[in-house]
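Okay, here's what each chain looks like letter by letter:
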Amino acid sequence: DAKTTQPPSMDCAEGRAANLPCNHSTISGNEYVYWYRQIHSQGPQYIIHGLKNNETNEMASLIITEDRKSSTLILPHATLRDTAVYYCIVVYRSGDMRFGAGTRLTVKP
Amino acid sequence: DAGVIQSPRHEVTEMGQEVTLRCKPISGHDYLFWYRQTMMRGLELLIYFNNNVPIDDSGMPEDRFSAKMPNASFSTLKIQPSEPRDSAVYFCASSFLAGVQETQYFGPGTRLLVL
């Protein structure tokens with residue numbers, strides 16, 4: 001029972017912003033939106049998370065719509081090293097975290 | 001901190017053999033998670049511990065799989081007997097509770113091939 005919907009793949013030009021969408025229309029009021037990414041052969045890496053406010057850190061920005069039914073992860077200046085599978089996860093407690101298929105982002109030179 | 005440490009990084013074994021995967025979480029983290037990743041099923045949570053106590057093992061596929069956490073700095077995932085369908089990458093992750101939220105930090109994984 002997937003809680004999120006993501007496009008299976010996206011391309012982005014190097015140096016441009018990568019905007020990765022995620023739909024989570026059944027999100028509950030106390031559930032957070034988490035983003036992880038997995039670069040080939042490595043363990044998943046935490047990127048960012050938020051509840052209802054937009055968040056920004058050194059890696060990315062997270063924009064959550066006012067109704068919280070969708071969000072967008074923004075990598076402001078994508079590099080080749082950002083090529084990875086990006087997972088959007090909706091969860092209250094980390095122990096309930098379930099990874100879906102994610103979006104395979106390919107950054108092209 | 002060295003991050004989450006897993007060993008071995010690669011394991012090749014024959015069907016029927018016992019396999020033991022090891023994990024050292026980040027110091028101070030009180031949650032530990034075991035995941036399995038395959039092409040067919042993606043990344044699956046197998047079991048997780050809080051303060052060395054198993055909290056949810058509903059993802060453990062069958063009785064051939066067992067996990068222990070004898071202390072805060074060490075956990076094992078054992079498969080006995082192993083089968084070819086157990087071939088996968090096994091990840092360990094750890095986290096600490098900050099408020100009600102925890103961020104999981106993953107290890108590099110153990111690549112298991114059962115022949």
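See the structure printed just above.
Residues numbered from 1 in each chain as written. Chains lettered and ligands numbered in written order. Predicted model: local features only at pLDDT ≥ 70, side-chain atom pairs only at ≥ 80, totals over all residues. Heavy atoms only, no water.

Chemist: Help me understand the overall build of chain B in this model?
Modeler: The helix and strand inventory of chain B stands at zero helices and eleven strands. A compact globule built from 115 residues should have a C-alpha radius of gyration of about 13 Å, and chain B, at 14 Å, falls within 12% of that. Each of the three principal axes of chain B carries a C-alpha extent, and together these read 45 × 30 × 25 Å. If you take every contact in chain B between residues at least 6 apart in sequence, the share linking residues at least 24 apart comes to 55%. Of the roughly 5600 Å² that chain B leaves accessible, carbon and sulfur atoms contribute 53%. Distance between charge centres in chain B, computed from 10 positive and 13 negative side chains, equals 4 Å. (Helix = DSSP H or I, 4+ residues; strand = E, 2+ residues; numbered from the N terminus. Rg over C-alpha atoms; globule rule 2.2 N^0.38 Å. Contact = heavy atoms within 4.5 Å. Areas by Shrake-Rupley, 256 points an atom, 1.4 Å probe, with all protein chains shown as cover. Lys, Arg positive; Asp, Glu negative; His and termini not counted. Charge placed at Lys NZ, Arg CZ, Asp CG, Glu CD.)

Chemist: Sorry if this is basic, but what is going on with the overall build of chain A here?
Modeler: Helix and strand counts for chain A come out as zero helices and nine strands. Scanning chain A from its N terminus toward the C terminus, one meets helices and strands in the order β-β-β-β-β-β-β-β-β. Each principal axis of the C-alpha distribution contributes one length, and for chain A these read about 40 × 30 × 20 Å. The burial tally for chain A puts 44% of its 109 residues in the buried class. (Buried < 20%, exposed > 50% of the residue type's maximum accessible area, 1.4 Å probe, protein only.)

Chemist: Honestly, the sheet that holds strand 3 (residues 19-24) of chain B in this entry has me stumped. Any pointers?
Modeler: What links the strands of a sheet is backbone hydrogen bonding, and the strands pair in either a parallel or an antiparallel sense. Residues and elements named next belong to chain B. Sheet architecture is open: four strands sit in the order 1-3-8-7, paired in antiparallel fashion. Looking along the sheet, the strands with just one partner apiece sit at the ends: strand 1 (5-7) and strand 7 (65-71). Sheet twist, expressed as the mean angle between neighbouring strand axes with direction ignored, is 15°. Pairing of strand 7 with strand 8 (residues 74-79) involves five bridges; the strand directions are antiparallel. Counted as the bridge partner of Ala67 is Leu77 from strand 8. (Pairing = 2+ DSSP bridges. Axes fitted to C-alpha atoms, helices over the stretch in contact; angles between N-to-C directions.)

Chemist: Help me understand the pairing of strand 6 (residues 61-64) of chain A in this model?
Modeler: For a regular strand, the rule is simple: side chains alternate between the two faces of the sheet. All names here are of chain A. When strand 5 (residues 55-56) meets strand 6, the two strands line up antiparallel, connected through two bridges. Opposite Thr56, over in strand 6, you have Ser61 as the bridge partner. Linkage of strand 5 to strand 6, two consecutive antiparallel strands, is achieved through a turn of four residues. Taken together, the four bridges between strand 6 and strand 7 (residues 70-75) define a ladder with antiparallel strand orientation. Across the sheet, residue Leu62 finds its bridge partner in strand 7, namely Leu73. What sits between the antiparallel neighbours strand 6 and strand 7 is a turn of five residues, in which Arg68 has the positive phi angle 65°.

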